Amino acid sequence: MPRKMVVIFGALNILWMVFAVSQAFKIDISPKSKIVAQIGDSISLTCSTTGCDSPSFSWRTQIDSPLNGKVRNEGTMSTLIMDPVSFGNEHSYLCTATCGTSKAEKTFQVDIYSFPKDPEIHLSGPLEVGKPITVKCLVPDVYPFDRLEIEMKKGDHRLEKKEFLESMERKSLENKSLEVTFTPTNEDTGKVLACQAKLHVYEIDDEAQEKEPQKRETTKKLQVYISPKNTVISVNPSTRLQESGSVTMTCTSEGLPAPQIFWSKKLDNGSLQLLSENATLTLIAMRMEDSGIYVCEGVNLVGKNGKEVELIVQEKLFTVELSPGPQIAAQIGDSVVLTCGVTGCESPSFSWRTQTDSPLSGKVRSNGTTSTLTLSPVSFANEHSYLCTVTCGHKKQEKGIKVDLYSFSRDPEIEMSNLLVDGNLVNISCKIPNVYPSDRLEIELLKGESIMKNKTFLVDGHKKSLETKSLEMTFIPTTEDTGKVLVCRAKLHIDEMEFELKQRQSTQILHVNVAPKDINLTAFPSESVKEGDTVTIFCTCGNVPQTWIILKKKAEAGDTVLKSTNGAYTIHKAQLEDAGVYECESKNEIGFQLTSITLDVKGRENNKDYFSPELLVLYCATSLIIPAIGMIIYFARKANMKGSYSLVEAQKSKV
């Protein structure tokens, strides 16, 4: 009994000592629960003691693996810092605190996971109505994947759900995915495709059962497409074209979204040469090498649909035109421009030559689709057929123009051998100077409307020289020809001449001269007068123009030319010495005529005191009547005769 009491007492003593120590030295940890940390994060495990001023700490894993962290001791506290958390930190950690002979120890459980990113939604292609598509929901870098759950929904409809319960062979980050295949419809457009991933990281112990799992979700709004179809090509004006022509092709295609149109040309090796990204393709200035197959494709995100059309470009012969025409008549000394124009060829080359390969004798200038040959001044060296040769690519055309020369620069010249005199022969010449070619010349001589004579020169041959040709004739003029028009008309028969004058003429009004005749010499009031009377001598001539009248008094010592006025000479107070022979000469360029009268002056009786009243009246009347009669005769002569009187000429005649 006493021995038992000793044992009991000893045990109680030991228990008391332990209780005393436990009350005096104690260790605490933080956090108290199990730690769940994401790989890459930073965590701290803290040990603190009470009942000891200077404890010592030590850290280790339960399986004596490396700590993979840093320890920091500060007084009664020790912290193990893990930064960043990795697979090497997934352990049970032991923190041991020693105070003297006393030791205390606490355990930390560290679990790790990886769930860093939202799921990724991948489509096998664009959504196309009626074509199955596979959607993949990928959860990257997940750990531990055996706690992972992935669910995929389309709108409110669950497509599929998957849990990854297979065993893990090693600690690693893995990508896990869920794939679903479905066939889109038009109604799917606008719906939301959702991929939700859950990682049940808190199901490790009983205390965490009520905690929600880690969740991540990604959504994608669906757009359903329709592949291009019903592609149609329209061609205007036609698929068969001429060179240098143009064509417009329009392409349409149905699809969702609206297809983009691409135009291409199929090459000989089968590849496509892209031409345009517009619905309308216009080709201008088509060439033969543009012939071929043209492809229109409607393309959108889900497909393409094509249509082909074949264009045939037919060879078009370019045209060459020469102006002013195939034949031109050019006057010697003028300037002539021959123009060679091309249509249907963008870049022609030109060359000029004569048909006989003679020198061009002109200047050539080419610009674009036109070439000119300038002949200035035109000479006999230019009377050729000129050829314009046009080369366009491998094709060549030649056109000719004939240049005929002529000279017809002056009007005819009318010449007469002498003055026209009534009844006298006269030679008339009509000359055409510097004419060419003379064998095509015709000359007509007309009097009024009547042809007097005409002449052609066909027998002269064709000589390359300027010649003067004439028509001559003789005729006898009459007074009836006066006032008529003499016409010399020349015609040069060049049929190619359209706008130049083919005819020239000169005119001359005929004036037939007549020698003076029907001369009349009278004395008024009488050829016998008394001394002291007044007498007027009148000389008139017939209706002949350009006549000079000269009055003279004849005497043995010499004739005296009287100062007459218009063929009238008045003697006031006639004296005996005024008696005698008076002569009148009428003349013009053709001839003259003479006539004379004798004036008798009688003396009066020598009785100066007698002066009868009858004589006074007679004298007064005579002095008034005689001038009046003279004036009447003067005006009558002016009205009926074509003549004039010139005192100067009369004086010249006397000299």
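Each remark here, short or long, concerns the structure printed above.
A. Structural detail: the sheet that holds strand β8 (residues 102-113). A sheet is described by the order of its strands in space; here four strands give the open sequence β2-β8-β7-β4, paired in mixed fashion. Either end of the sheet is taken by a strand with one partner, and the two such strands are β2 (35-38) and β4 (56-61). On average, each strand axis in the sheet is tilted by 30° relative to the strand beside it, whichever way the strands run. As judged from the four bridges shared by β2 and β8, these two strands associate in the parallel manner. Looking at β8, one finds that Gln38 is bridged to Tyr113.

B. Highlighting the side chain of Asn89. Mapped onto the secondary structure, Asn89 falls in the loop between β6 (77-82) and β7 (92-99). One polar contact links the side chain of Asn89 to the main-chain carbonyl oxygen of Asn68, over a distance of 2.8 Å. At 2.9 Å, the side chain of Asn89 and the backbone nitrogen of Ser86 are in polar contact. The contact partners of Asn89, leaving out residues within four places of it in the chain, are Leu67, Asn68, Met82, Pro84 and Val110.

C. Structural view of the environment of Leu199. With respect to the secondary-structure elements, Leu199 resides in strand β15 (residues 192-199). Residues Leu199 and Tyr113, spaced 86 residues apart in sequence, show a C-alpha to C-alpha distance of 8.8 Å. The contacts of Leu199, once residues within four sequence positions are left out, are Tyr113, Ser114, Phe115, Val142, Tyr143, Pro144, Arg147, Leu148, Pro213 and Gln214.

D. Seen up close, the pattern of salt bridges. For the coordinates displayed, the defined rule picks out 29 salt bridges. Linking Lys484 and Asp481 is a salt bridge whose minimum nitrogen-to-oxygen distance equals 3.9 Å. Among the ionic contacts, a cluster of salt bridges with common partners joins Arg60, Asp64 and Glu105.

E. Main features of the sheet that holds strand β24 (residues 303-314). An order of β18-β24-β23-β20-β21 is seen for the five strands of this open sheet, with the pairing classed as mixed. Only two strands of the sheet have a single partner each, and these edge strands are β18 (240-242) and β21 (272-276). Shown here is a sheet whose adjacent strand axes are inclined to one another by a mean of 35°, direction ignored. Relative to β24, β18 runs parallel, the two sharing three bridges. Looking at the pairing, Gln242 lines up with Gln314 of β24.

Quick notes on the rules
Residues numbered from 1 in each chain as written. Predicted model: local features only at pLDDT ≥ 70, side-chain atom pairs only at ≥ 80, totals over all residues. Heavy atoms only, no water. Pairing = 2+ DSSP bridges. Helix = DSSP H or I, 4+ residues; strand = E, 2+ residues; numbered from the N terminus. Axes fitted to C-alpha atoms, helices over the stretch in contact; angles between N-to-C directions. Polar contact = N/O pair within 3.5 Å; in protein donor to acceptor, adjacent residues only side chain to side chain. Contact = heavy atoms within 4.5 Å. Salt bridge = Lys/Arg side-chain N within 4 Å of Asp/Glu carboxyl O.

Purely geometric stuff here, so don't read any function into it on its own.
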